[in-house]
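Working through the structure, step by step
Okay, here's what each chain looks like letter by letter:
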Amino acid sequence: MKKLVLMLAAASMAASVSAQTVAESKAFDNVYVGINGGVATKTTGHKWLSDLDPNAGLRIGRYFTPVFGLAVEGNAYFSNKPWHSTGTAVRATNVSLLGTVNLSNLFGGYKGEPRAFEVSALYGLGWMHVFTNDKAVKAATENQRNRMTSKAALDFAFNFGSQKQWQVYVEPSINFAFLGQSKNKEVVATGNALNPVVLADHQEYGYKAASQAGQPAYNINNSFVQLNAGVVYKFKNSNGTHNFTIVVPRDQAEIDALNAQINELRNRKPEVITKEVVKEVPAVKVKEFTVSDLVFVTFAQGKSALTNDAKAALNNVKEGVHVQVVGTASPEGSKELNDRLSQARADVVANYLKGRGVIVDEATGKGVQGVTSNRLAVVYVK
């Protein structure tokens, strides 16, 4: 018991050390869908390789954190070995609700995007139904065709794609069927008019599959092992990515300093700001900008949507003028993410201005500029 407590404490410490602050998720963020297929065989009582049952399934899930998630999985089984045929193409279906734990992120921390290789653990409960159109089989299995099940598995996954939105995995698992009975005894007809029924022990299911007086009960003889492979697609989130993004907390002093810097730029008296153009050809006269020619648009952390204040500022740009838009991002997150985010900010400002008849000569994302927060898009009015 002491060893178990120590192991749990160590796992908790590892989870605490690896904890990261991730960007807020909306209801349908971090949702994925996948298909899988493979083979299964009864764990005991027969030769594995001679009694393989093919299966195929669908999995839909959601990650609530980089570590924990839930998934609903349904699989159809196309054989009933080592038992006799039930007379249908699909012999059984099993639908499970699974809890998922990303062990790589639990113990190694989440770095802002999925690793190329990850290991996850899955466990859950389900419901299995066995189909048959054979009257004899139907009568013999009347109380056995609906069963509670349990699944425990490990996923060995590879993430790929430009934003790690795809995943392929190999999954060994063990699945238990709870073949419990509500009572130890059952009523059996004797055919004797003087004593027509008697109480008898429940019969065994065959092939070492055993019945228990109460359910559920984990019995190795009532289990099957399974090896499946699958592919998963992670849908795009509201922030434009396919995975969780890391948020670096900022203290209030830094936020106040940024706001003061923005306000100072807005209120500064006009001064000359020269835009440099470097060319190998003879010097070309360039336009000089003043602060009054600049429009600053601020964004929420990790977002590229225009606020009402931002739209109000952009409405001051006159129709028909030429502008240049530069988008930036704050230092948190990876370079790839910040480059995409800054470009998205530049594009959303450019599209808004175009809709108002402004001529946008260029809209460029510059990524992170400097070491302080600069979640901005700057409009240069020419």
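This is a predicted model, so every value here is computed, not measured. (Residues numbered from 1 in each chain as written. Predicted model: local features only at pLDDT ≥ 70, side-chain atom pairs only at ≥ 80, totals over all residues. Heavy atoms only, no water.)

1. As for unusual backbone geometry
Applicable threshold: Note on conventions: DSSP H or I runs of at least 4 residues are helices, E runs of at least 2 residues are strands, and numbering of each starts at the N terminus. Residue burial is assigned from relative accessible area. The probe radius is 1.4 Å, only protein chains are included, and a residue is buried under 20% of its type maximum, exposed over 50%, and partly exposed in between.
Phi at N30 takes a positive value of approximately 60 degrees, unusual for a residue other than glycine. On the secondary structure map, N30 appears in the loop between helix 1 (2-17) and strand 1 (31-42). Even without a glycine there, the phi angle at K164 is positive, about 55 degrees. When you line up the elements, K164 lands in the loop between strand 6 (146-160) and strand 7 (166-178). Overall, K164 belongs to the buried group, its relative accessible area being 17%.

2. A short note on the nonpolar core
As a rule of thumb, nonpolar side chains are buried together in soluble globular proteins. Heads up, the condition is: The term nonpolar core refers to a set of buried residues drawn from Ala, Val, Leu, Ile, Met, Phe, Trp, Tyr and Cys, joined through side-chain atoms within 4.5 Å. Residues are treated as being in contact if the distance between any of their heavy atoms lies within 4.5 Å.
Counting residues in hydrophobic clusters, the biggest one holds 19 residues, and the most contacted among them are V297, L314, V323, V325, V349, L353 and V379. Only strand 13 (294-298), helix 5 (308-314), strand 14 (322-329), helix 6 (335-355) and strand 16 (376-381) provide two or more residues apiece to this core. Examining the composition of this core, we find that four residues originate from one element, helix 6, more than from any other. What L314 contacts, discounting residues up to four positions off in sequence, is V295, V297, L306, V349, Y352, L353, R356 and V379. In this structure, A40, Y77, A92 and F224 belong to the second largest nonpolar core, which totals six residues.

3. Thoughts on the sheet that holds strand 16
Within a sheet, each strand pairs with its neighbour through backbone hydrogen bonds, oriented either parallel or antiparallel. Selection rule: Should DSSP find at least two bridges between two strands, the strands are taken to pair. Axes here mean lines fitted to C-alpha atoms, for a helix over just the part in contact, with angles spanning 0 to 180 degrees between N-to-C directions.
Taken together, four strands build an open sheet; the order of strands is 13-16-14-15 and the sheet is mixed. Each end of this open sheet is capped by a strand with a single partner; those strands are strand 13 and strand 15 (359-368). Averaged over all pairs of adjacent strands, the angle between their axes in this sheet comes to 15 degrees, without regard to strand direction. Contacting strand 13, strand 14, strand 15 and strand 16, helix 6 crosses the sheet at an angle of about 160 degrees to strand 15.

4. Some thoughts on the environment of D361
Defined as follows: Polar contacts here mean pairs of N or O atoms no more than 3.5 Å apart (in protein, one a potential hydrogen donor and the other a potential acceptor; neighbouring residues in sequence count only if both atoms are side-chain atoms).
Examined against the element boundaries, D361 turns out to sit in strand 15. Residues D361 and V323, 38 residues apart in the sequence, show an inter-C-alpha distance of 5.9 Å. Discounting chain neighbours no more than four positions away, the residues touching D361 are H322, V323 and K382. Here the side chain of D361 touches K382 through a polar contact of 3.2 Å, side chain to side chain.

5. Concerning the pairing of strand 6
Two elements, strand 5 (residues 117-130) and strand 6, share 13 bridges in a ladder whose sense is antiparallel. Each bridged residue has a counterpart across the sheet, and for E118 the counterpart in strand 6 is A157. Direction of pairing for strand 6 relative to strand 7: antiparallel, over a ladder of eleven bridges. Bridged to T149 within strand 7 is A177.

6. A short note on the side chain of H242
Inspection of the secondary structure puts H242 in the loop between strand 10 (223-234) and helix 4 (252-267). Residue contacts for H242: discarding those within four places in its chain leaves Q163, Q165, Y233, K234, F235, K236 and N237.

7. Overview of the pairing of strand 16
Looking along a regular strand, one sees side chains alternate from face to face of the sheet. Most of strand 16 is tucked away, with five of its six residues classed as buried. Two strands pair when backbone bridges link them, and strand 14 and strand 16 are joined in this way by five bridges, in the antiparallel orientation. When the bridges of strand 16 are listed, Q324 appears paired with Y380.

8. A short note on a nonpolar patch on the surface
Going by this rule: Two joining distances apply to patches: 9 Å for like charges and 5 Å for nonpolar side chains (Val, Leu, Ile, Met, Phe, Trp, Tyr), and every residue must have over 30% relative accessible area and no salt bridge. Here the open area of atoms and residues is found with the Shrake-Rupley method and a 1.4 Å probe, where only the protein chains shown may cover a residue. A side-chain nitrogen of Lys or Arg and a carboxyl oxygen of Asp or Glu constitute a salt bridge if their distance falls within 4 Å.
Together, V39, L49, L52, F117, L154, F156, F158, F160, W166, V168, V170 and L227 line one region of the surface with nonpolar side chains, adding up to about 1,000 Å² of accessible area. Counting residues per element, the ones that place at least two in the nonpolar patch are strand 6 and strand 7. Residue contributions to the nonpolar patch peak at four residues, all from strand 6. For L227, the position within the fold is in strand 10.

9. Looking at the environment of E336
Considering the arrangement of structural elements, one finds E336 in helix 6. Along the backbone, E336 and G367 are 31 residues apart, and their C-alpha atoms lie at a distance of 8.6 Å. Setting aside residues no more than four positions away along its own chain, E336 makes contact with E113 and S162.

10. Describing the pattern of salt bridges
This structure, assessed with the given rule, holds nine salt bridges. For the salt bridge of R59 with D155, the shortest nitrogen-to-oxygen distance reads 3.1 Å. Of this pair, R59 sits in strand 2 (residues 53-63) while D155 sits in strand 6, and the two are 96 residues apart along the sequence. Here R59 and D155 have matching classes, each one buried. Note that K335 is salt-bridged to D339, the shortest N-O span being 2.8 Å. Of this pair, K335 and D339 both sit in helix 6, separated by four residues, roughly a single helical turn.

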